[in-house]
Amino acid sequence: MSKIPAAVCLLLMNYYAFSQEYIPPQPYGGKAQLRQFTEQELVYPETALQAKTEGNVIISAKIDQKGQVTFTRYKARVSPECDLETMRIFKMIEWEPGTFRGIPNEDSIQFEIEFNLRKYKRLCKQRGYSEILFPFEPVDTSGTIYQYKNLETAPHPIFTRENINLAGFVAANLVYPEAAIKQNLSGTVKIGFIVEPHGRISNTIVLNSLGAGCNEEALRLVHLIKWMPGTIHQQAVRTRMSISINFSLDQGPDGNFNPNIKSSYGDNAMKC
């Protein structure tokens, strides 16, 4: 049996320790939320569709200790239109800085979008649209994110049913996780997000976690809601908000625990 030299063992141990203590920059909400957001936002440029242009655009960027993007460049290009669409989506993303031993560090990341005609056609069929429509115009294109309390008019949910509010919508659509029922788990999940000018949300992140499937159910519900965007100077703007969903089980006369759902939305204390 071959023996690994002591020096090599030490290097392997040091690398393992480093990998355990180092966390690279992450998009708000993690990679799963980033993928969902990218699939929500992507619009294949018409010129690229007509030319049947395909390929992967890759953006390389640096994220500083505050989670701010300080440098970007294209590492791989496809076409001017596809490149710009990738950059448009990238600029909407918020980042958590990388850390080493809990201390924020500057680091580099790569962001990639695949332009594939077959996949895009399937995506449009799945999500139900091929272009982004705005429920209120004109639209602020600066990318500035406003706080809920500073708006002229605040975002509000849009429901297809009349005489229903947010709490009623949540109560009608929430599926109380079986694991939470078995554990008799109650509490509040708070989800932070940005209402975009087109009325969908981005940068979703769990601000107050509960577990046993409640986080995932709260995220699912939040993504079902379409919004009328907030406005500043009579322009639709990006707005930072949060929703709190209270999971609780009330014991009924039959002795069984029944879900009691409450919800609210408004401002939050995420970074400005």
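See the structure printed just above.
Residues numbered from 1 in each chain as written. Predicted model: local features only at pLDDT ≥ 70, side-chain atom pairs only at ≥ 80, totals over all residues. Heavy atoms only, no water.

Account for the packing of aromatic side chains, with residues named and values stated.
Scanning the entire structure with this criterion turns up seven aromatic pairs. Ring centres 5.6 Å apart and planes at 45 degrees place the aromatic pair Phe 90 and Phe 111 in the tilted group. You can see Phe 90 sitting in helix H4 (residues 80–90) and its partner Phe 111 sitting in strand E8 (residues 107–115), a full 21 residues away along the chain. Considered together, Phe 90 and Phe 111 belong to a single accessibility category, that of buried residues. Ring centres of Phe 159 and Phe 169 lie 4.9 Å apart, and the angle between their planes is 25 degrees; this geometry places the pair in the stacked category. Highlighted residues: Phe 159 in the loop between strand E10 (156–158) and helix H6 (166–173) and Phe 169 in helix H6, separated in sequence by 10 residues. A cation sits over an aromatic face here: Arg 200 above Tyr 129, 3.9 Å from the ring centre. (Phe/Tyr/Trp six-rings, centres within 6.5 Å; stacked < 30°, edge-to-face > 60°. Helix = DSSP H or I, 4+ residues; strand = E, 2+ residues; numbered from the N terminus. Buried < 20%, exposed > 50% of the residue type's maximum accessible area, 1.4 Å probe, protein only. Lys NZ or Arg CZ within 6 Å of the ring centre and 35° of its normal.)

Kindly report on the sheet that holds strand E6 (residues 98–100), identifying the contributing residues and their values.
Within the open sheet, the three strands sit side by side as E1-E6-E7. Their pairing is antiparallel. Looking along the sheet, the strands with just one partner apiece sit at the ends: strand E1 (22–23) and strand E7 (103–105). Examined bridge by bridge, E6 and E7 share three bridges and lie antiparallel to one another. Bridge assignment links Phe 100 to a residue of E7, and that residue is Ile 103. (Pairing = 2+ DSSP bridges.)

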